[in-house]
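Understanding the architecture of this molecule
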Amino acid sequence: MPFRNSSDLSPSFFILASIPGLEAAHFWMAMLLCFTYILAVTGNCAVLFIVKMETSLHAPMYFFVCMLAAIDLALSTSTVPRALSLYWFHSTEISFSACLVQLSFIHTLSAIESTVLLAMAMDRYVAICHPLRHAAILTNAATAKIGLVAMARGVLFFLPLPLLLLPLPFCSSRVLSHSFCLHQDVMNLACANTTPSVVYGLTAILLVMGLDAILICLSYILILKAVLRLACWKERLKVFSTCIAHICVVLAFYVPLIGLSVVHRFGKDLPPLVHIIMGNVYILVPAVLNPLIYGVRTKEIQRRILNLV
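Residues numbered from 1 in each chain as written. Predicted model: local features only at pLDDT ≥ 70, side-chain atom pairs only at ≥ 80, totals over all residues. Heavy atoms only, no water.

Here we come to the packing of aromatic side chains. A ring pair, where both rings are aromatic, is described by two values, the distance of the centres and the angle of the planes. By the definition in use, this model includes six aromatic pairs. Each ring, one from F27 and one from W88, has its centre 6.5 Å from the other, and the planes form 45°; the classification is tilted. In this pair, F27 sits in helix α2 (residues 26–53) while W88 sits in helix α4 (residues 80–89), placing the two residues 61 residues apart along the sequence. Under the relative-accessibility criterion, W88 is labelled partly exposed at 28%. In this structure an aromatic cluster arises from ring pairing among F14, F96 and F170. The aromatic ring of F13 is capped on one face by R174, whose charged end is 6.0 Å from the ring centroid. For R236, the ring lying beneath its charged end belongs to W233, and the centroid distance is 4.6 Å. (Phe/Tyr/Trp six-rings, centres within 6.5 Å; stacked < 30°, edge-to-face > 60°. Helix = DSSP H or I, 4+ residues; strand = E, 2+ residues; numbered from the N terminus. Buried < 20%, exposed > 50% of the residue type's maximum accessible area, 1.4 Å probe, protein only. Lys NZ or Arg CZ within 6 Å of the ring centre and 35° of its normal.)

This is the structure:
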């Protein structure tokens with residue numbers, strides 16, 4: 001076996017992925033990415049401002065919407081500016097420590113968002129199936145505690161991910177598949193046994209995102225049963241329409257997450273463009289769609305936006 005020096009085993013940087021063969025189009029691709037990022041920041045800041053100013057929206061459901069907006073702002077801000085520097089200034093290198101910090105932010109914030117989506121599903125379940133107890137169960141204090149639990153859950157489950165990558169040697173390619181760092185992407189570059197990291201990462205995802213998805217589906221099964229007990233179709237549609245916005249937000253989060261996981265697991269032979277697009281969709285689609293969904297479905301937010309315009 002050839003000798004490997006310590007610098008080979010302890011990388012000081014990784015190479016973020018750009019799109020080979022499309023270097024001339026990087027500027028315009030970055031412009032599109034920048035526009036999407038500005039749209040996400042503007043929309044989520046508008047949601048936070050409107051909920052703060054509109055006293056009629058000071059309710060648990062809209063506090064959860066504010067949590068989603070804050071998470072989406074943090075998630076997109078922790079990734080998109082670095083990607084823009086890659087495309088505009090050809091800054092392809094990211095230090096090993098910065099990469100670990102970035103991936104810990106991405107996975108932790110994603111876990112927090114998943115928990116908030118579960119809390120919103122439970123809120124809809126209580127509001128529809130136990131309307132008389134809704135105000136007593138989901139108070140403002142209970143909503144704040146749920147937010148703290150979501151943060152603690154994300155940190156406790158996903159903080160060990162970068163710690164498991166620290167002792168691994170990286171003696172092969174250091175080119176990542178995305179314009180930001182993900183745990184599985186970095187782990188695949190290691191030239192040692194990654195079984196503990198694989199097992200822990202899969203367990204954390206199943207216990208957080210997987211369990212949340214099952215509980216969200218269960219809550220909507222119970223909601224659907226309660227709605228079908230109503231005698232009038234108009235009442236059924238009116239009650240279930242209160243859940244449409246949340247269902248759309250859940251799909252906007254989980255569909256890109258599942259798509260990115262499938263690409264990582266089965267798409268090793270796919271073109272680099274597919275990996276980069278799926279990564280950006282996973283980061284930006286929920287951040288852009290969430291404020292649009294609640295802006296369309298919430299009359300108070302619509303009215304406030306029209307007043308601002």
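Now that the structure has been shown, the text picks up again.
To continue, consider helix α13 (residues 272–297). Under the 1.5 Å per step criterion, the end-to-end length of α13 is 37 Å for 26 residues, consistent within 8% with the ideal 38 Å. L284 marks the point of greatest bend in α13, at about 35°, and the proline P286 comes within the next four residues. (Expected span 1.5 Å × (residues − 1). Bend = angle between axes of the 7 residues up to and from the residue.)

UniProt marks residues 43–294 with the feature "domain: G-protein coupled receptors family 1 profile" (unreviewed entry), using the numbering shown here. Summarising residues 43–294: 77% helix, 1% strand, and an end-to-end C-alpha distance of 10 Å. (UniProt positions renumbered as here; feature names shortened; annotations may be inferred.)

Quick look at the environment of C45 now. Following the sequence through the fold, C45 ends up in helix α2. For the pair C45 and C34, spaced eleven residues apart in sequence, the C-alpha to C-alpha distance is 16 Å.

Before going further, it helps to spend a moment on the environment of F14. Inspection of the secondary structure assignment puts F14 in strand β1 (residues 13–15). A relative accessible area of 0% places F14 in the buried class. Considered as a pair, F14 and R174 are 160 residues apart in the sequence and their alpha carbons are 5.1 Å apart. Once residues within four sequence positions are removed from consideration, F14 is found in contact with T92, E93, I94, F96, C99, F170, R174, L176, V186 and L189. (Contact = heavy atoms within 4.5 Å.)

With numbering aligned to this structure, UniProt lists the feature "transmembrane region" (unreviewed entry) at residues 27–50, 62–80, 100–121, 142–166, 198–223, 244–267 and 273–294. Structurally, residues 62–80 is divided into 89% helix and 0% strand, and its ends, taken at the C-alpha atoms, are 26 Å apart. Between the C-alpha atoms that bound residues 273–294 there is a distance of 31 Å. The span itself is 100% helix and 0% strand.

Moving on: unusual backbone geometry. Of note in the backbone geometry, H90 takes a positive phi value of approximately 55° without being a glycine. Residue position: H90 is located in the loop between α4 and β2 (93–95). Residue H90 is classed as exposed on the basis of its relative accessible area, which comes to 56%.

This next bit is on the side chain of T115. With respect to the helices, strands and loops of the structure, T115 is situated in helix α5 (residues 96–129). With sequence-adjacent residues up to four places away left out, T115 is seen in contact with A150, R153 and D212.

Below, the discussion takes up the nonpolar core. Core analysis: the largest hydrophobic core is formed by 80 residues, its most contacted members being F14, L117, M120 and V186. Examining the composition of this core, we find that 15 residues originate from one element, α5, more than from any other. Contacts of V186, omitting those with residues within four sequence positions, involve F14, C99, L103, L165, F170, L176 and C181. (Core = buried A, V, L, I, M, F, W, Y, C linked by side-chain atoms within 4.5 Å.)

Quick look at the layout of surface pockets now. When its volume is computed, the largest pocket comes out at roughly 820 Å³. For the largest pocket, the lining is made up of 27 residues, of which Q184, G201, L202, I205 and S261 are closest to its centre. Going through the elements one at a time, α5, α9 (183–187), α10 (195–228) and α12 (244–266) are the ones with two or more residues in the lining of the largest pocket. For the lining of the largest pocket, the per-class residue count stands at 15 nonpolar, ten polar and two charged. Taken as a whole, the second largest pocket holds about 330 Å³ of empty space. Along the walls of the second largest pocket sit M61, Y62, R124, S241, T242, I244, A245, Y294, R297, T298, K299 and E300, which together make up its complete lining. Elements represented by at least two residues in the lining of the second largest pocket include exactly α3 (60–77), α12, α13 and α14 (299–308). (1 Å grid on protein atoms, 1.4 Å probe; cavity = no way out; pocket = protein on both sides within 12 Å on 5 of 7 lines; lining within 4 Å. Points joined across faces, edges and corners; volume = space filled by probe spheres on them. Nonpolar A, V, L, I, M, F, W, Y, C, P; charged D, E, K, R; others polar.)

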